[in-house]
Amino acid sequence: MNKLLLILFLSLPTLVSAQKNCDYAINEKDSSGTYKSTREYLIYERVFGSSENYIFLTLANVGGTPYLNFQLLQKNTDFIKTLCLGKNSKIYFQLENGKIITLLHEDKDVCGNLYRNEEEKKNVRLLEGNFYFLKNTIEELKKQPISILRVVYGTESVDYVIKKELNSEFLKQFFRPESFFMNYLHCIEN
């Protein structure tokens, strides 16, 4: 019995430190319900020549419904083709154990907006959409690191390899993308 208590006591700091403190962009509760949203988190960065691609994720909960906000930011000196999300769009996360987790896009068609950054002399395209968790997927995401992100856009699917650690050239910050859900999903639970 003493050995069991000792093991539990020694493993407690590891269990507690596995989850990160919540850093909310919004955390409000009023008569109409609750709204929680974490800050944007960089999970993918690819810089090659004049082409830059970044994926940011945000976790949110509105009135008890958790969802994932997905943002694709692209920069290039050349034209950037348009990517869209629609009712058939999905996000698939492959976990380190091989399991596939599916998130469904909200029933809203949206395409990336194109801007011109004159300071950098680059075209910038931003695509943003919300994806909903299926039943029992949150628990799976809290247990295992993610290794691959597949986004099903309107006309194509693109796979993004998720790194264990990411030292961002763009933001000049350090991230741990593969453990994003393990560290922050607890922030949007009621």
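From a predicted model like this one, the values you see are computed outputs, not experimental measurements.

Overview of the nonpolar core
So, point 1. Counting 40 residues, the largest nonpolar core has Leu68, Phe70, Phe93, Leu149 and Phe181 as the members making the most contacts within it.
So, point 2. Counting residues per element, this core draws most heavily on strand 4 (residues 51-62), which supplies five residues.

Description of the environment of Tyr41
So, point 1. Locating Tyr41 in the fold gives a position in strand 3 (residues 41-48).
So, point 2. Filtering out sequence-adjacent residues up to four positions away, Tyr41 remains in contact with Ile55, Phe56, Leu57, Phe175, Arg176, Pro177, Phe180 and Tyr184.

Focus on the packing of aromatic side chains
So, point 1. Counting across every chain of the model gives eleven aromatic pairs.
So, point 2. Residues Tyr67 and Tyr132 carry aromatic rings whose centres are separated by 5.7 Å and whose planes lie at 55° to one another, so their mutual orientation is tilted. Placement of Tyr67 in strand 5 (residues 65-76) and of Tyr132 in strand 11 (residues 122-133) is noted, with a sequence separation of 65 residues between them.
So, point 3. Judged by relative accessible area, which is 11%, Tyr67 ranks as buried.
So, point 4. You can call Tyr132 partly exposed: its relative accessible area is 29%.
So, point 5. Measuring from centroid to centroid gives 5.9 Å for Phe180 and Tyr184, while their planes differ by 40°, and the two rings are tilted. Of this pair, Phe180 and Tyr184 both sit in helix 3 (residues 180-184), separated by four residues, roughly a single helical turn. Accessibility assignment for this pair places Phe180 and Tyr184 in one class, buried.
So, point 6. An aromatic cluster is built from Tyr41, Phe93, Phe133, Phe175, Phe180, Phe181 and Tyr184, whose rings are joined through pairwise contacts.

Some details on the side chain of Arg125
So, point 1. Examined against the element boundaries, Arg125 turns out to sit in strand 11.
So, point 2. Buried within the structure, Arg125 lacks any salt-bridge partner; its nearest side chain of opposite charge belongs to Glu156, at an N-O separation of 11 Å.
So, point 3. Side-chain polar atoms of Arg125 contact the side chain of Thr82, separated by 3.3 Å.
So, point 4. Once residues lying within four places of it in the same chain are set aside, the contact partners of Arg125 are Leu72, Leu73, Gln74, Phe79, Ile80, Lys81, Thr82, Gly112, Asn113 and Leu114.

Some thoughts on the pairing of strand 2 (residues 33-38)
So, point 1. Note that strand 1 (residues 24-30) and strand 2 share six bridges and pair antiparallel. Counted as the bridge partner of Ile26 is Ser37 from strand 2.
So, point 2. If you look at the hairpin formed by strand 1 and strand 2, you'll find two residues sitting between the two strands.
So, point 3. When strand 2 meets strand 4, the two strands line up antiparallel, connected through three bridges. Bridge pairing links Ser37 to Ala60 in strand 4.

Criteria and cut-off values
Residues numbered from 1 in each chain as written. Predicted model: local features only at pLDDT ≥ 70, side-chain atom pairs only at ≥ 80, totals over all residues. Heavy atoms only, no water. Core = buried A, V, L, I, M, F, W, Y, C linked by side-chain atoms within 4.5 Å. Buried < 20%, exposed > 50% of the residue type's maximum accessible area, 1.4 Å probe, protein only. Helix = DSSP H or I, 4+ residues; strand = E, 2+ residues; numbered from the N terminus. Contact = heavy atoms within 4.5 Å. Phe/Tyr/Trp six-rings, centres within 6.5 Å; stacked < 30°, edge-to-face > 60°. Lys, Arg positive; Asp, Glu negative; His and termini not counted. Salt bridge = Lys/Arg side-chain N within 4 Å of Asp/Glu carboxyl O. Polar contact = N/O pair within 3.5 Å; in protein donor to acceptor, adjacent residues only side chain to side chain. Pairing = 2+ DSSP bridges.

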